[in-house]
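# Architecture at a glance
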Amino acid sequence: MAERSFAKEVELLRLTAGEEFRGEGILAVTKALLQSGVAYVAGYQGAPVSHLMDVLADAGEILDELGVHFESSASEATAAATLAASINYPLRGAVTWKSTVGTNVASDALGNLASAGVKGGALVILGEDYGEGSSIMQERTHAFAMKSQLWLLDPKPRLDSIVTAVQQGFELSEASNTPVMLMLRIRACHLYGSFIASDNRRPPFTAADALEAPQRDASRIILPPYTYEQEREKTEQRWPAAVRFIRENKINELIDGPESELGIVLQGGLYNGVLRALEHLGLADAFGGSRLPLYVLNATYPLVEEEFVQFATGKRALLIVEEGQPEHIEQAAHQFLRRADLQTRVLGKGPFPMAGEYTGSVLREGIRAFIEEHSPRLLNPVVEQPLLPAAQLASAVPERPSGLCTGCPERPLFSSLKLLQKEIGPVHVSADIGCHSFASLEPFHLGASILGYGLGSAAASALHSRGDRRPVSIMGDGGFWHNGLTSGIGNAVFNEHDGVTIIVDNGYAAATGGQWVPSSEADAPRRTARLSIADAVRGVGVRWVRSLNTYDMKGTLRILREAMSTREKGPKVIVAQGECQLNRQRRIRPLLDRLRKAGKRVARKHYGVDAETCTGDHSCIRLSGCPSLTVKPNPDPLRRAPVAAVDHDCVGCGVCGEVAHAAILCPSFYHAELVDNPGAIERLMQQLRRRMIGFLQSRNQRKRALAW
């Protein structure tokens, strides 16, 4: 299961040569892989490449027809290790994951792969997630590519450019015997466009061929004395081969412009933004024509010195448009031009900020500052189109921190933890990556650190003492299967930790789009699911294991108290179960819609607040923060405090009422049953209830009138 099905769109993957493909960027990448004769694909989901995994999962029939192997890897390290098949065999393979966080997990395998080199084309498709809207730490892939000497492509955000980059990525990898990274920003993954398709290609060499005739080359093994030879080969053979391929195949683009005294060097992924900024400044048109010459780096590593020198010759100044820091491209440009004894000025960080996403306004102001310094005449006659400044936008739009969905089963768990701290005092909570990380923010304010996927338990390792206080660690089911079982639980058993680890089991990799995990309660196609987290934990030696239903707050509080107070030593693990409400709605709504259309009775719960009973305490909101809870004016003219209210987003999970009852035994909550296609008896009973309620209300009104 995933947040989006591509069952219909995957038919576009069958397009043949000359037909026009129209669709989303991530679907175009899949088509490009099939056109390139890829033999195997693996990866780990994460924005913005989650949909690439979803597309491949929905395209199983097409992959089988072509003989392409696909699997959803247990982690990014698993995916990277899959590329080992391309070391000894001419197999084209591709893997994918989320930018630097995934690359960090995969770094051991990637470093060794880069050292050994590859025979078949090896492509790593990275979903680059950089900027204010990012959910990760702010780092760039460029530095890792330089560290391990992996070539890095950053194509223009156009479907034809992306498809070409996939094909050229495989060819570059094979020409230089080096893995290649292909970086796609969020906008590139989700843009819509078109390109002219080619025929899909069956891989000319398959895994079956490799198993029929196994091969090995001792010089490709990561052991002395071969490792030094591999390092020398990188410098003396692979690097020159890569530079030669990039030049001969014109992967980078030199675009002329009439104002030849200045030039702009830019990452390919920023091409659309730079053109739009130039258009705002009156220096480009809507069709891509620029008055300033452009050098578009669709390959940002390795850089081609001869192309830089050629572009800079005869120019007074170059502007380097390079997102993030350090300014690797700008530093290289200085070196290239000084070595060629060119005195062209090189600017980048200065007109542009050192860090942060290069949005439209940032690009426009940076380019304007560069032109004002070096050729102000170009700006004189221009009437600029206004852009809404970021500061003005920030003042007009309130902050909206990340939060849990309506009905999320994790909400009552964290409400229970918050209530527990009122009883026993503050507790150190080590957080983890996933939806549950949002509990670090309001209204829960839980979580002191987030260090890595599945590392919540490991991050509390140094805080275990022989005293009475115990740290609490959180991890999700996705993080648990990713690496938490070994790095967290196994480590806690081995080192005799006495803390509490809560594994949030919502049945899916919910934060990445609702993909299956090994413990999902589902018939997952082409996978084995329904593995028990509790059994896995016991299997590595944990003796104190409890399971709970997060929607049962009384039971949750009882088990949390027991975990924090039991005299039994050793790690304590709580498996907190509750199906992700977002995925539950995706699962049951189509079923309920079919029942309604068939005239069948369908009942669903809806919670509400009796405005006359509500005291305005609002503990229900403060302790749960459910998006369906809001406030409205008090109907009592003698009371000023607004009362709580439940809006139409309510999914009937009952968390608000549970929280309120656990906090103050609030009597103002009620739940109603909404019925579609009711039977005759139900309709009759509803009429009787309305009449009785109307009678009682009119009688009360008469009594009040007489009292006045």
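Residues numbered from 1 in each chain as written. Predicted model: local features only at pLDDT ≥ 70, side-chain atom pairs only at ≥ 80, totals over all residues. Heavy atoms only, no water.

### What to know about the packing of helix α1 (residues 25-35) against helix α9 (residues 159-176)
A pair of packed helices can be characterised by two numbers: the angle between their axes and the separation between those axes. It is the contact of α1 with α9, at a shortest axis distance of 9 Å, that shows an interaxial angle of 35°. Here the hand of the crossing between α1 and α9 comes out right-handed. Two secondary-structure elements touch here, α1 through G25, A28, V29, A32, L33 and Q35 and α9 through L159, I162, V163, V166, Q167 and F170. Here the residues of the contact of α1 with α9 sort into 9 nonpolar, 3 polar and no charged. (Axes fitted to C-alpha atoms, helices over the stretch in contact; angles between N-to-C directions. Helix = DSSP H or I, 4+ residues; strand = E, 2+ residues; numbered from the N terminus. Left-handed = near helix turned anticlockwise from the far one by under 90°. Contact = heavy atoms within 4.5 Å. Nonpolar A, V, L, I, M, F, W, Y, C, P; charged D, E, K, R; others polar.)

### Some remarks on the packing of helix α7 (residues 107-116) against helix α12 (residues 226-248)
The N-to-C vectors of α7 and α12 enclose an angle of 65°; their axes lie 8 Å apart at closest approach. Contact residues: A114, S115 and A116 in α7; Q230, K234 and R238 in α12. For the contact of α7 with α12, the per-class residue count stands at 2 nonpolar, 2 polar and 2 charged.

### Observations regarding the pattern of salt bridges
Under the definition given, this model contains 39 salt bridges. A salt bridge links E259 to R377; its shortest N-O distance comes to 2.7 Å. Linking E259 in the loop between β9 (253-255) and β10 (262-267) with R377 in the loop between α16 (360-374) and α17 (390-396), this pair joins segments that are 118 residues apart in sequence. Exposure remark for R377: the relative accessible area of 47% places this residue in the partly exposed category. E261 is the partner of R377 in a salt bridge, and the nearest nitrogen-oxygen pair spans 3.6 Å. Taken together, the positions of R377 in the loop between α16 and α17 and E261 in the loop between β9 and β10 put the pair 116 residues apart, joining distant regions of the chain. Because the salt bridges share partners, they merge into one network encompassing E259, E261, R291, R316 and R377. (Salt bridge = Lys/Arg side-chain N within 4 Å of Asp/Glu carboxyl O. Buried < 20%, exposed > 50% of the residue type's maximum accessible area, 1.4 Å probe, protein only.)

### Remarks on a nonpolar patch on the surface
A contiguous nonpolar surface patch, about 400 Å² in accessible area, is contributed by I681, L684, M685 and L688. What makes I681 exposed here is its relative accessible area of 68%. (Patch = residues over 30% accessible without salt bridge, like charges linked within 9 Å, V, L, I, M, F, W, Y side chains within 5 Å. Areas by Shrake-Rupley, 256 points an atom, 1.4 Å probe, with all protein chains shown as cover.)

### Points about the pairing of strand β2 (residues 40-43)
Of the two faces of β2, both are covered, the one formed by Y40 and A42 as well as the one formed by V41 and G43. Note: β2 against strand β3 (residues 69-72), 4 bridges, orientation parallel. Counterpart to Y40 in the pairing with β3 is H69. Alignment of β2 against strand β4 (residues 93-97), held across 4 bridges, turns out to be parallel. Bridge assignment links Y40 to a residue of β4, and that residue is G93. (Pairing = 2+ DSSP bridges.)

### Quick look at the sheet that holds strand β13 (residues 317-321)
Strand order in the open sheet formed by 5 strands is β9-β11-β10-β13-β14, and the pairing between neighbours is mixed. Edge positions in the open sheet fall to β9 and β14 (345-347), since each of these has one partner strand only. The sheet shows a mean angle of 20° between the axes of neighbouring strands, direction not considered. The sheet strands contacting α16 are β10, β13 and β14, and the helix crosses β13 at an angle near 170°.

### Some details on the sheet that holds β4
Reading across from one edge, β3-β2-β4-β5-β7-β6-β12 is the order of the 7 strands in this open sheet, with mixed pairing throughout. If you trace the sheet from one side to the other, it starts and ends with β3 and β12 (299-301), each paired once. Within this sheet the neighbouring strands show an average axis-to-axis angle of 20°, counted without direction. Against the sheet, α9 contacts β4, β5 (122-128), β6 (151-153) and β7 (180-185), and its axis sits at roughly 160° relative to β7.

Just distances and angles here, no functional claims.
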